[in-house]
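Examination of the molecular architecture
Chain residues, written in single-letter form:
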Amino acid sequence: MIITVFGLGFVGLTTALGFAQKGHKVYGYEINQKRVDTLNNKVLPFHEPELDDALIRHLNKNFFISNDLKSALLESDCVYYCVGTPYGENGQANLSYLFSAIDSTLNEIHDNKYRVLVTKSTIPPTTTKNKIIPYIENKGFKVGKDIGIANNPEFLREGHCWNDFINSDRIVLGVSDNKSKEMIMKLYEKFDCPLFTVSLNTAEFIKYLSNTFLATLISFSNEMSIIADTLGEINVSEAFKIFHLDKRWNGSDITSYMYPGCGYGGYCLPKDTNAIYALTKSKGFNAKILENVIWTNDNISKFIVNKITRTIEKKDKIGILGLSFKPGSDDVRDTAAARIIKELIQRGYTNIMVYDPIAMDDFKEIYDLDVEYVSKEDLIEKAEELVITTAWDEFKDIKQLTDKQIVDCRYML
Ligand SMILES: NC(=O)c1ccc[n+]([C@@H]2O[C@H](COP(=O)([O-])OP(=O)(O)OC[C@H]3O[C@@H](n4cnc5c(N)ncnc54)[C@H](O)[C@@H]3O)[C@@H](O)[C@H]2O)c1
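In this text the structure is predicted, and so the values were computed from the model without any measurement. (Residues numbered from 1 in each chain as written. Predicted model: local features only at pLDDT ≥ 70, side-chain atom pairs only at ≥ 80, totals over all residues. Heavy atoms only, no water.)

**Focus: the nonpolar core**
Ranked by internal contacts, the top residues of the largest apolar core, which has 48 residues, are Ile308, Ile320, Ile341 and Leu344. Broken down by element, this core gets its largest block of residues, six residues, from helix H13 (residues 336–346). The next biggest cluster of nonpolar side chains, apart from the first, holds 41 residues, and it includes Leu39, Phe46, Val118 and Phe191. (Core = buried A, V, L, I, M, F, W, Y, C linked by side-chain atoms within 4.5 Å. Buried < 20%, exposed > 50% of the residue type's maximum accessible area, 1.4 Å probe, protein only. Helix = DSSP H or I, 4+ residues; strand = E, 2+ residues; numbered from the N terminus.)

**Some details on the sheet that holds strand E11 (residues 372–373)**
One open sheet holds the five strands; their spatial order is E11-E10-E9-E12-E13, and the pairing between them is parallel. Sheet topology places E11 and strand E13 (405–408) at the edges, where each strand pairs with a single neighbour. Where strand E9 (residues 318–321) lies against strand E10 (residues 352–355), four bridges are found, and the strand directions are parallel. Directly across from glycine 319, in E10, lies its bridge partner methionine 353. Running over the sheet, H13 touches E9 and E10 and is turned about 170 degrees from E10. (Pairing = 2+ DSSP bridges. Contact = heavy atoms within 4.5 Å. Axes fitted to C-alpha atoms, helices over the stretch in contact; angles between N-to-C directions.)

**Description of the environment of leucine 173**
Locating leucine 173 in the fold gives a position in strand E7 (residues 171–175). With a relative accessible area of 0%, leucine 173 lands in the buried category. Sequence-wise, leucine 173 and isoleucine 289 are 116 residues apart; in three dimensions their C-alpha atoms are separated by 28 Å. If we skip the residues at most four places from it in the chain, leucine 173 touches Ala150, Asn151, Asn152, Lys181, Ile184, Met185, Leu195, Phe196, Thr197, Val198 and Ala203.

**Digging into the packing of helix H1 (residues 10–21) against helix H3 (residues 51–58)**
Look at H1 against H3: their axes get within 10 Å of each other, and the N-to-C directions meet at 55 degrees. Looking at the two axes, H1 sits oblique to H3. The crossing of H1 and H3 is left-handed. Of H3, the residues touching H1 (which contributes Leu13, Thr14, Leu17, Ala20 and Gln21) are Leu51, Ala54, Leu55, Arg57 and His58. (Parallel < 35°, antiparallel > 145°, perpendicular 65-115°, else oblique. Left-handed = near helix turned anticlockwise from the far one by under 90°.)

**Re the site of the ligand**
Neighbouring residues of the ligand: 27 residues in total, closest Glu30, Arg35, Thr85, Glu158 and Lys271. Interatomic distance of 2.9 Å between a backbone N/O atom of threonine 122 and an oxygen atom of the ligand. At a separation of 2.8 Å, a nitrogen atom of the ligand approaches a polar side-chain atom of glutamate 158. Contact with the protein chains covers 92% of the free accessible surface of the ligand, which is 830 Å². Counting only elements with at least two residues in the shell around the ligand, the list comes to H1 and helix H5 (96–106). With three residues, the top contributor of residues to the shell around the ligand is H5. For the shell around the ligand, the per-class residue count stands at twelve nonpolar, eight polar and seven charged. (Near = heavy atom within 4 Å. Polar contact = N/O pair within 3.5 Å; in protein donor to acceptor, adjacent residues only side chain to side chain. Areas by Shrake-Rupley, 256 points an atom, 1.4 Å probe, with all protein chains shown as cover. Nonpolar A, V, L, I, M, F, W, Y, C, P; charged D, E, K, R; others polar.)

**Brief notes about the domain arrangement of the protein chain**
Here the protein chain is described as being made up of domain 1 (2–198) and domain 2 (208–408). Taking the mean C-alpha position of each, domain 1 and domain 2 sit 32 Å from one another. Every contact between the two is made by 22 residues of domain 1 and, on the other side, 24 residues of domain 2. Across the interface of domain 1 and domain 2, roughly 1700 Å² is buried in total on both sides, 50% from carbon and sulfur atoms. The largest contributions to the domain 1 side of the interface with domain 2 come from His47, Tyr87 and Glu158, which together make up 32% of the buried area. Across the domain 1-domain 2 interface, the total number found is two salt bridges. Salt-bridge contacts for arginine 157 lead to aspartate 253; the nearest nitrogen and oxygen are separated by 3.2 Å. (Domains from an automatic or database assignment. Buried area = accessible area lost by both parts, 1.4 Å probe. Salt bridge = Lys/Arg side-chain N within 4 Å of Asp/Glu carboxyl O.)

Right, dumping it as structure tokens:
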């Protein structure tokens with residue numbers, strides 16, 4: 001089949017190359033010219049294992065970065081939207097990138113060919129039914145007759161994008177008409193996993209079930225770490241490691257979310273938890289568990305900064321180890337390190353140096369914070385107190401390199 005993918009970020013590029021790998025012809029369309037130029041040089045604009053090889057394998061063979069959107073769309077059977085859905089007003093999802101991409105599509109397709117427009121971006125339940133379909137119909141297309149609409153949420157994890165997409169454990173497809181269903185099922189023909197076709201609202205909801213569950217586990221673990229600290233003389237990392245041995249979850253990846261740290265960050269969990277909470281609240285239900293999950297995450301940095309400032313004076317140099325939201329990634333969107341640094345600066349601790357193995361450039365670009373960017377060696381030598389904010393493997397043996405005070409916010413040492 002022939003597909004156009006809007007947005008070549010973590011999800012879009014993976015989707016485009018993944019479908020190319022399964023034998024489809026894919027056009028990628030991206031509005032960020034810097035990203036386009038980088039990709040055209042066969043280089044990834046972010047750190048993502050295996051995706052780099054896939055790009056080299058498929059670029060200009062069956063994956064093409066389009067600068068002629070009209071031709072790409074006219075050729076395509078399916079159009080995938082993988083654009084960002086960031087924080088919007090009152091915590092709700094900002095759908096402006098999605099609607100802009102839909103507009104760009106509808107402006108170009110007036111040839112009576114039946115295409116399916118598929119949203120892979122994460123959008124709150126009821127968005128397709130209550131917003132996207134009426135919007136498209138308003139533009140003169142009859143959904144289910146002239147054009148198909150579907151929702152196909154993505155569950156990949158950054159750092160594992162390629163494998164999570166190619167070897168998906170389940171595919172969820174929200175559809176409301178048979179023709180769209182058949183076309184997308186054909187697209188996924190070569191995937192070896194169950195494909196569930198559900199209603200549009202259910203497909204959107206399934207994505208939020210995952211993300212709010214993960215956020216809840218993390219906030220629960222963080223709250224328990226505060227309880228332990230409040231009660232005193234509890235070895236938190238030892239306690240959680242023994243807790244992980246329960247055979248109901250031992251050995252499962254889920255235990256990485258059942259461990260305290262500095263709060264969840266990254267692109268998805270914070271905004272998605274907020275978005276479904278805010279949307280439901282606007283409909284009259286105040287979801288108490290989610291409200292507290294969000295509260296704990298918003299406040300864990302204060303608890304951590306209290307720990308840091310217990311032993312260090314304002315004039316002293318603090319060395320922050322780790323800027324990305326998790327190890328193995330250079331993604332610094334909504335990263336806990338930024339929240340902690342901001343809180344420290346606000347409390348008058350302005351002598352801060354930072355180090356990360358791969359995320360320093362992106363951090364510098366996104367956050368305008370008055371900190372010194374240094375090597376790990378310089379940080380260990382010059383800082384009075386070290387603070388681990390991302391659990392990079394290379395920090396595991398830090399105690400062998402220095403006997404300075406270390407605040408281990410990730411309970412990794
Ligand atoms: N990152 C993840 O781990 C992950 C996992 C599952 C789902 N999601 C969801 O997938 C969506 C995309 O996430 P991401 O991390 O890939 O974001 P991203 O910011 O890495 O990529 C989005 C890309 O879309 C581009 N874009 C925006 N408007 C466009 C337009 N009109 N035409 C073409 N390109 C356009 C942007 O320039 C950007 O490169 C979000 O809704 C996110 O919540 C993300």
